[in-house]
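# Geometric and topological summary
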Amino acid sequence: MPEIGVLTGADGRYHWPLPPATYTLTAHCPEDGSGGGTGEVTGVVVTDGRESTADITVE
């Protein structure tokens, strides 16, 4: 799947409809004086008709 940007809400939550598969998700926080950062979570399993949760810590 090509790289696609998804923005979070003010609470850090996001919604991203994906086809069933296993994914690696990467989050980038832009530099805003706090240093920015990147986080990644692997092995996110998406199944048809079900909601999946991926908590990404950006450091």
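Details of the structure are given in the entry above.
As a starting point, this report considers the structure included with it. (Residues numbered from 1 in each chain as written. Predicted model: local features only at pLDDT ≥ 70, side-chain atom pairs only at ≥ 80, totals over all residues. Heavy atoms only, no water.)

The next subject is the overall build of the chain. Within the chain, the secondary structure is distributed over zero helices and two strands. The buried share of the chain, reckoned over its 59 residues, is 19%. For the chain, restricting intrachain contacts to residue pairs at least 6 apart in sequence, the fraction spanning at least 24 positions comes to 21%. (Helix = DSSP H or I, 4+ residues; strand = E, 2+ residues; numbered from the N terminus. Buried < 20%, exposed > 50% of the residue type's maximum accessible area, 1.4 Å probe, protein only. Contact = heavy atoms within 4.5 Å.)

Here the focus is the nonpolar core. One finds Leu 18, Tyr 23, Leu 25, Val 41, Val 44, Val 46 and Ala 54 forming the largest nonpolar core, which totals seven residues. Residue assignment for this core shows that the elements contributing at least two residues are β1 (21–29) and β2 (37–46). In terms of residues, this core owes the most to one element, β2, which gives three residues. (Core = buried A, V, L, I, M, F, W, Y, C linked by side-chain atoms within 4.5 Å.)

Where nonpolar side chains cluster on the molecular surface, the patch consists of Ile 4, Val 6 and Tyr 14 and spans about 240 Å² of accessible area. Inspection of the secondary structure puts Tyr 14 in the segment before β1. (Patch = residues over 30% accessible without salt bridge, like charges linked within 9 Å, V, L, I, M, F, W, Y side chains within 5 Å. Areas by Shrake-Rupley, 256 points an atom, 1.4 Å probe, with all protein chains shown as cover. Salt bridge = Lys/Arg side-chain N within 4 Å of Asp/Glu carboxyl O.)

With that settled, the discussion passes to the environment of His 15. Examined against the element boundaries, His 15 turns out to sit in the segment before β1. Under the relative-accessibility criterion, His 15 is labelled exposed at 67%. Measuring from C-alpha to C-alpha, the distance between His 15 and Ser 52 comes to 9.9 Å, with 37 residues separating the pair along the chain.

Turning our attention to the layout of surface pockets. It is a probe the size of a water molecule, rolled over the atoms, that shows where empty space is left. Taken as a whole, the largest pocket spans an internal volume of roughly 1,300 Å³. As for the largest pocket, its lining consists of 34 residues, and the residues nearest its centre are Val 6, Tyr 14, Trp 16, Leu 25 and Ile 56. It is β1 that contributes the most residues to the lining of the largest pocket, seven residues altogether. Among the residues making up the lining of the largest pocket, the classes are represented as 19 nonpolar, nine polar and six charged. (1 Å grid on protein atoms, 1.4 Å probe; cavity = no way out; pocket = protein on both sides within 12 Å on 5 of 7 lines; lining within 4 Å. Points joined across faces, edges and corners; volume = space filled by probe spheres on them. Nonpolar A, V, L, I, M, F, W, Y, C, P; charged D, E, K, R; others polar.)

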